[in-house]
Amino acid sequence: MERKDEIKSAYRSLGKSHSLYDGMMTASTFIGRAICKTVWDMSPDDVLEYQARVFETLPADFSGRLLEVPVGTGVLSVPVWKTMPNADITCLDYSEKMMESARKRANELGVSNIRFIQGDVGDLPFQNSSFDALVSLNGFHAFPDKEAAYKEIYRVLKPGGTFCGCFYVEGSDANTDKWISGFYVKKGFFTRPFETVDSLRERLEKMYTKAEVTNINSIAIFKCVK
Ligand SMILES: C[S@@+](CC[C@H](N)C(=O)[O-])C[C@H]1O[C@@H](n2cnc3c(N)ncnc32)[C@H](O)[C@@H]1O
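Reading the values: the criteria
In every chain, residue numbers begin from 1 and rise along the written sequence. Reporting of local features is limited, given that this is a predicted model, to residues whose pLDDT is at least 70; pairs of side-chain atoms are given and counted only at 80 or more, and all residues count toward the totals for whole chains, interfaces and linings. Nonpolar cores are identified as sets of buried Ala, Val, Leu, Ile, Met, Phe, Trp, Tyr and Cys residues joined via C-beta atoms within 7 Å. Here a residue counts as buried when 20 or more other C-beta atoms fall within 10 Å of its C-beta, as exposed when 12 or fewer do, and as partly exposed in between; the C-beta atoms come from the backbone. Whether two residues are in contact depends on their C-beta atoms, placed from the backbone: they are in contact if these lie within 7 Å. In short, DSSP must find at least two bridges between two strands for them to pair. Strands here are runs of E lasting at least two residues and helices are runs of H or I lasting at least four, both read from the DSSP assignment and numbered beginning at the N terminus. Here, axes are lines fitted to C-alpha atoms. For helices the fit covers the stretch in contact, and angles between N-to-C directions go from 0 to 180 degrees. Throughout, the arc means the angular range of directions from the helix axis out to the C-beta atoms.

Student: Sorry if this is basic, but what is going on with the nonpolar core here?
Tutor: Proteins that are soluble and globular tend to have nonpolar side chains buried together. Counting 61 residues, the largest nonpolar core has L134, C166 and A220 as the members making the most contacts within it. Residue contacts for C166: discarding those within four places in its chain leaves Y50, V54, L137, N138, I219, A220 and I221.

This is the structure in structure tokens:
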């Protein structure tokens, strides 16, 4: 099975995640699918596609040190971490509550090569060049201090290390942008300023040796090498 198919099948196996948040992130519930369509103009296949595009950046037999920030409830990542038993995985999030679900999920799935740390992406509690890979899913549109986050992630990544992830970018879908401004920002789920696909590409190309940015509607997917 190709890596992308393995990842997609890991999500499918997640199945019936009943929390609103998890259902929305995986388009696995009726409400989740409705939100993905209405807000993001995405089908469940689009959702699987953008997530798989991020994870296929990492080799299936990845065995280095990996940092995921923010892990949230781990709904997107922990099933993939289960497929990498030789990796040394650290997950960080600001919210203990979100991470509680991630911890529970890791226990239930029997993922033991993983630790969870409460912290701030803008002030990471790690030495320079500590990680071989850094994964950030749907975090940058939420981080309050994005400049600090870009800097800290770069600092803790080893030269030659991989930085990959995805997040919302404005300017790709007017309807999504309206929802983000009218609801997500007002509710505090998302924080300005937002990147566009082009501004993100320009930023990452300046910072990293190699940078690739693609998008599916308003979600940008990036893969960089330091
Ligand atoms: C939209 S969720 C994404 C979570 C997960 N990666 C996913 O895709 O489901 C955003 C997460 O960012 C976390 N977060 C926000 N600001 C943060 C910060 N400064 N440092 C670390 N995590 C932060 C929130 O607690 C929340 O869990």
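The rest of the description comes next.
Student: What am I meant to see in the sheet that holds strand β4 (residues 131–137) here?
Tutor: What holds strands together in a sheet is hydrogen bonding between their backbones, with the strands either parallel or antiparallel. Spatial ordering of the open sheet is given by β3-β2-β1-β4-β5-β7-β6, a layout of 7 strands whose pairing is mixed. Two strands close off the open sheet at either side, each with one partner strand: β3 (114–118) and β6 (210–216). On average, each strand axis in the sheet is inclined to that of its neighbour by 15°, with strand direction left out of account. Strand direction decides the pairing type here: β4 and strand β5 (residues 157–168), joined by 6 bridges, are parallel. Opposite V135, over in β5, you have C164 as the bridge partner.

Student: Mind showing me how you'd approach helix α3 (residues 30–40) here?
Tutor: Residues that lie three or four places apart on an α-helix share one face, since the helix turns once every 3.6 residues. For α3, the set of buried residues is G32, C36 and W40. Seen end-on, α3 carries its buried residues on one side only, within an arc spanning 40°. Facing away from the buried surface of α3 by more than 90 degrees, the exposed residues are F30, I31 and T38. Looking at the buried positions of α3, the neighbouring elements they touch are α2 (20–26), α4 (44–55) and α8 (174–187). After α3 finishes, the residue D41 shows a positive phi value of roughly 50°.

Student: What is the right way to look at the pairing of strand β1 (residues 65–68) in this model?
Tutor: The side chains of a regular strand alternate, first on one face of the sheet and then on the other. Judged from the 4 bridges that link them, β1 and strand β2 (residues 88–93) form a sheet pairing that is parallel. Counted as the bridge partner of L66 is I89 from β2. As paired strands, β1 and β4 are joined by 3 bridges and run parallel to one another. Paired with L67 across the strands is L134, a residue of β4.

What is shown is where atoms sit, not what they do.
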